[in-house]
Amino acid sequence: MNKIVVLDEQTIDKIAAGEVIERPSSIVKELVENAIDAGATAVTVEIKEGGISFIRITDNGSGIEAEQIPTAFLRHATSKIRTAEDLLDVTSLGFRGEALSSIAAVCQVELISKTPESLTGVRYLIEGGKEKNMEEIGAPSGTTFLVRNIFYNTPARKKFLKTPQTETGYISELMERMALSHPEVSFKFIAGSQVKLHTSGNHRLKDIIYNIYGRDITNNLLEVEKTFENGMKITGFIGKPVISRGNRNFENYFVNGRYIKSKIISKAIEDAYQSFMMKHKYPFTVLHFQIDTEMLDINVHPTKMELRFAENEKLYQDVYHTILNTLSHKEMIVQVSVGK
Ligand code: ADP
Ligand code: MG
C-alpha cells in the first residue's frame with residue numbers, strides 16, 4: 001500500500017470537488033469503494049435505522065498503518081494519486097481523498113484497522129472532525145468502520161433524510177450494484193437483523209444476477225463477450241426482449257468496475273433493442289466495460305457517476321452493434337430450432 005499524503009494545492013484545484021456525503025448510502029458507497037480499493041475479498045455492511053444511527057463496514061483488505069490513520073482523515077489525503085498527472089490514469093475507485101474527512105465531519109466515527117504486517121490493531125475515534133482517542137487493540141487484519149448518527153451536528157441537513165425504510169432501500173440498491181460490479185468480492189448486507197444480500201465472490205456474474213433478480217430473469221439472458229481493436233472489452237449479460245421492463249432501472253452497466261450513467265451507452269443499448277421490443281419498454285442488462293484509462297475522464301463529477309469518453313461516436317457504434325449482433329444471432333437460433 002502506498003503512503004497516504006495530503007495532495008498539493010495544484011492537484012487539489014484540478015479535482016472536481018463537491019460535497020459527497022448526502023445520506024447514509026453515500027457513506028456506504030465511499031466506504032465500500034475504499035474496501036475494494038484496499039483489495040478486500042469480503043466486505044460486510046450492517047446498518048440500523050436505514051444507516052441513520054448505525055453503519056458498520058468490515059473488510060479483510062490491506063488495513064491502514066497505525067501512524068497513517070490520523071492522516072487518512074485529513075482533507076485531500078489519499079494513497080491513490082500523487083500529482084495531477086496521475087488523474088489521467090486512475091485505476092482505483094477513489095482518488096480525491098475527501099471521503100473520510102467528509103464523513104468524520106458529520107458523524108461519530110470509530111475505526112479499527114490492522115495491516116497484515118503489524119501484530120496489533122488500532123482503534124481510532126473521531127467525531128465532528130475532532131480526534132477523540134487512539135489506542136492499540138487486538139483485531140483481525142483489515143478495517144472496520146463504525147459510523148454513528150449521521151448529521152448529528154448539522155440538524156438542518158438531517159432534516160433532508162428520508163424514512164429509515166427509504167434509506168435502507170437506497171443502500172440495498174447500492175449494494176446490489178456493488179455486487180454486480182465486483183463479482184470477485186463476497187458482499188454481505190444486513191439491515192436490522194435481516195440479511196438482504198449475500199454473494200459468494202466466486203467471480204461468476206450470472207450467480208449474482210440470479211441472487212438479486214431470481215430465476216425468471218436468469219433463464220432469459222444472452223451472454224455478451226466482445227473485444228475491440230482499441231482494447232475495449234464488453235462482457236456480461238443482456239435480457240431477451242421477453243423480460244423487458246417498464247423503466248430504465250434494469251439497465252446496469254459498469255466501466256472499469258464503476259457503476260455509471262451514460263446517455264451514449266443507454267442510447268446505444270436502447271437503439272439496438274428497438275426493433276425487438278415494444279415502445280416504452282426497456283431492456284435488462286448487466287454489462288461490464290473494460291476501457292483504457294487514457295480513453296476516459298473520470299474526474300468530471302464528485303460522485304464519479306458521469307464519465308467523459310474520448311471517442312463518443314465509436315463507443316456508440318461498438319455498443320450498438322455488439323447488442324444488435326447478440327440479439328439477432330440468438331433470435332436466429334430460436335427460429336431455426338422452432339422450424340425443425
Ligand atoms: P480516497 O479513497 O479518495 O483515497 P478516502 O478519504 O476515501 O480517499 O480515504 C483516504 C485514504 O485512507 C485512502 O487513500 C486509503 O489509503 C485509506 N483507506 C480508507 N479506507 C480504507 C480501507 N478500508 N482499507 C485500507 N485503507 C483505507
Ligand atoms: Mg475513498
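Residues numbered from 1 in each chain as written. Chains lettered and ligands numbered in written order. Predicted model: local features only at pLDDT ≥ 70, side-chain atom pairs only at ≥ 80, totals over all residues.

### Here's the deal with the domain arrangement of the protein
Next, step 1: Taken domain by domain, the protein consists of domain 1 (5-198) and domain 2 (217-339).
Next, step 2: Distance between the C-alpha centres of domain 1 and domain 2: 30 Å.
Next, step 3: Residue-level contacts link 15 residues of domain 1 with 14 residues of domain 2.
Next, step 4: Of the residues in the side of domain 1 that touches domain 2, the class split is nine nonpolar, four polar and two charged. (Domains from an automatic or database assignment. Contact = placed C-beta atoms within 7 Å. Nonpolar A, V, L, I, M, F, W, Y, C, P; charged D, E, K, R; others polar.)

### Some thoughts on the sheet that holds strand E12 (residues 233-239)
Next, step 1: In space, the five strands of this open sheet follow the order E11-E12-E15-E13-E14, with mixed pairing throughout. Whereas interior strands pair on both sides, the edge strands pair on one side only; in this sheet they are strand E11 (221-227) and strand E14 (258-259).
Next, step 2: With five bridges joining them, strand E13 (residues 251-255) and strand E15 (residues 285-290) adopt parallel strand pairing. Looking at the pairing, Val255 lines up with Phe289 of E15.
Next, step 3: Its contacts with the sheet place helix H7 (residues 205-213) against E12 and E15, and it is angled at close to 35 degrees to E12. (Pairing = 2+ DSSP bridges. Helix = DSSP H or I, 4+ residues; strand = E, 2+ residues; numbered from the N terminus. Axes fitted to C-alpha atoms, helices over the stretch in contact; angles between N-to-C directions.)

### Quick notes on the site of ligand 1
Next, step 1: Taken together, 23 residues surround ligand 1, and among them Asn34, Ala38, Thr78, Gly94 and Ala99 come closest.
Next, step 2: Elements that contribute at least two residues to the shell around ligand 1 include exactly helix H2 (24-37), strand E4 (77-78) and helix H4 (99-106).
Next, step 3: The element contributing the most residues to the shell around ligand 1 is H2, with three residues.
Next, step 4: Partitioned by chemical class, the residues of the shell around ligand 1 number nine nonpolar, nine polar and five charged. (Near = placed C-beta within 6 Å.)

### Some points on unusual backbone geometry
Next, step 1: Backbone geometry places Asn256, a non-glycine residue, at a positive phi of 50 degrees.
Next, step 2: You can see Asn256 is positioned in the loop between E13 and E14.
Next, step 3: Positive phi is not limited to glycine here, since Lys304 has a value of about 60 degrees.
Next, step 4: Tracing the backbone through its elements, the reader meets Lys304 in the loop between strand E16 (296-297) and strand E17 (308-309).
Next, step 5: For Lys304, a count of 21 C-beta atoms within 10 Å corresponds to the buried category. (Buried ≥ 20, exposed ≤ 12 C-beta atoms within 10 Å, placed from the backbone.)

### What about H7?
Next, step 1: If you check which residues of H7 are buried, you get Leu205, Ile208 and Ile209. Angular distribution of buried residues about the axis of H7 spans 100 degrees; they occupy a single face of the element.
Next, step 2: Tucked inside the fold, the buried residues of H7 contact helix H6 (164-181), helix H8 (215-218), E12 and E15.
Next, step 3: Following H7 by one or two positions, Gly214 has its phi on the positive side, about 90 degrees. (Arc of directions from axis to C-beta.)

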